[in-house]
Amino acid sequence: MRVITGTARGRKLIAPEGLETRPTSDMAKEAMFSIVQFEVAGARVLDLFAGSGQIGIEALSRGASGAVFVDSSKAARDAILFNLKSTGFEGRSALVFAEAESYLKSCRDRFDLVFLDPPYQSGLVERCLPLVAGLVRPGGVILCETARDETTPEAAGVFGRKKEYRYGKAKVTTFRRGEESY
């Protein structure tokens, strides 16, 4: 696993050991950043169920102004801290050691890009999407990674499901405000 492009291009990242974390494939990660390529620079990013932090770190490498990483696993927290330090992004990021739903219910921050990648088939997409939608600024986008055969809701608050992309066993779904085009 590595940073694909930007200021930290080529830097290797570590992932927590064990089966608790499922890192996003390079193919899916490249595709996600192709979808939002013109929306990353200057963006405030939320990497929810961050795992290794590779998605938020990729956004920072591509010019995002800041990122918040949320995960409840100690192994994930340790990997994210290591990866932020090795890429030099610890000053533009915050790491929250909490359950996603608890964080979302108490969060007062607002974001331009949200990457939501919960454990597959866990029901967390349905529970977290409405909470996430309330934290996204106008013009923002939510990218949700699920299992290829997992169904995502049609809408979350004012955000509607816009497009789905399939990459191997994964599916990436974009959610945007109803009136916004892309």
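Predicted, not measured: the structure shown is a model, and the values here were computed from it. (Residues numbered from 1 in each chain as written. Predicted model: local features only at pLDDT ≥ 70, side-chain atom pairs only at ≥ 80, totals over all residues. Heavy atoms only, no water.)

## A short note on the nonpolar core
Proteins that are soluble and globular tend to have nonpolar side chains buried together.
At step 1: Residues Val-36, Val-45, Phe-69, Leu-113, Phe-115 and Leu-143 are the most contacted members of the largest nonpolar core, which totals 30 residues.
At step 2: Only helix H1 (26–35), helix H2 (54–61), strand S2 (66–71), helix H3 (74–87), strand S4 (111–116), strand S5 (136–147) and strand S7 (159–167) provide two or more residues apiece to this core.
At step 3: Of all the elements, H1 adds the most residues to this core, at five residues.
At step 4: Among the nonpolar cores identified, the runner-up in size contains 25 residues, and Val-68, Val-114, Val-125 and Cys-128 belong to it. (Core = buried A, V, L, I, M, F, W, Y, C linked by side-chain atoms within 4.5 Å. Buried < 20%, exposed > 50% of the residue type's maximum accessible area, 1.4 Å probe, protein only. Helix = DSSP H or I, 4+ residues; strand = E, 2+ residues; numbered from the N terminus.)

## Looking at the pattern of salt bridges
Any two side chains of opposite charge can pair, so long as their charged atoms come close to each other.
At step 1: All chains considered together, the criterion is met by twelve salt bridges.
At step 2: Among the salt bridges present, the one from Asp-109 reaches Arg-44, with a minimum N-O distance of 2.8 Å. Within this pair, whereas Asp-109 is found in the loop between helix H4 (100–106) and S4, its partner Arg-44 is found in strand S1 (residues 44–48), the two being separated by 65 residues in sequence.
At step 3: By relative accessible area, which is 26% here, Asp-109 ends up partly exposed.
At step 4: We classify Arg-44 as partly exposed; its relative accessible area is 22%.
At step 5: Glu-164 serves as the salt-bridge partner of Arg-166, at 3.7 Å between the closest nitrogen and oxygen.
At step 6: Residue Arg-166 is classed as partly exposed on the basis of its relative accessible area, which comes to 41%.
At step 7: Overall, the relative accessible area of 27% leaves Glu-164 in the partly exposed class.
At step 8: Here the salt bridges do not stand alone but share partners, grouping Glu-154, Arg-161, Glu-164, Arg-166 and Lys-171 into one network. (Salt bridge = Lys/Arg side-chain N within 4 Å of Asp/Glu carboxyl O.)

## Topic: the side chain of Lys-29
At step 1: Summarising the element assignment, Lys-29 is placed in helix H1.
At step 2: A polar contact of 2.6 Å, which involves the side chain of Lys-29, links it to the backbone oxygen of Arg-2.
At step 3: Apart from residues no more than four positions distant in its own chain, Lys-29 is found in contact with Arg-2, Val-3, Ile-4, Thr-24, Gln-54, Ile-55 and Glu-58. (Polar contact = N/O pair within 3.5 Å; in protein donor to acceptor, adjacent residues only side chain to side chain. Contact = heavy atoms within 4.5 Å.)

## So, the environment of Phe-159
At step 1: Counting through the fold element by element, Phe-159 comes out in strand S7.
At step 2: For the pair formed by Phe-159 and Leu-46, sequence separation is 113 residues and the distance between their alpha carbons is 16 Å.
At step 3: Discounting residues that sit within four places of it in the chain, Phe-159 has contacts with Ala-133, Val-136, Gly-140, Ile-142, Glu-154, Phe-175, Arg-176 and Arg-177.

## Focus: the environment of Lys-74
At step 1: Considering the arrangement of structural elements, one finds Lys-74 in helix H3.
At step 2: Classification of Lys-74 by relative accessible area gives partly exposed; the value is 48%.
At step 3: When the C-alpha positions of Lys-74 and Phe-97 are compared, they lie 7.8 Å apart, and in sequence the two are 23 residues distant.
At step 4: There is a polar contact of 2.9 Å between the side chain of Lys-74 and the side chain of Asp-78.

## Describing H3
At step 1: Over its 14 residues, H3 runs 20 Å from end to end, which matches the ideal 20 Å to within 8%, given 1.5 Å per residue.
At step 2: Listed in full, the buried residues belonging to H3 are Ala-76, Ala-79, Ile-80, Asn-83, Leu-84 and Thr-87. Buried residues in H3, looked at end-on, bunch into an arc of 130°, giving them a common side.
At step 3: In this structure, the buried side of H3 is in contact with H2, S2 and strand S3 (93–97).
At step 4: The opening residue of H3, the one whose side-chain oxygen lies 3.2 Å from the backbone nitrogen of Ala-75, is Ser-73.
At step 5: The positive-phi residue at the C-terminal boundary of H3 is Gly-88, with phi of around 80°. (Expected span 1.5 Å × (residues − 1). Arc of directions from axis to C-beta.)

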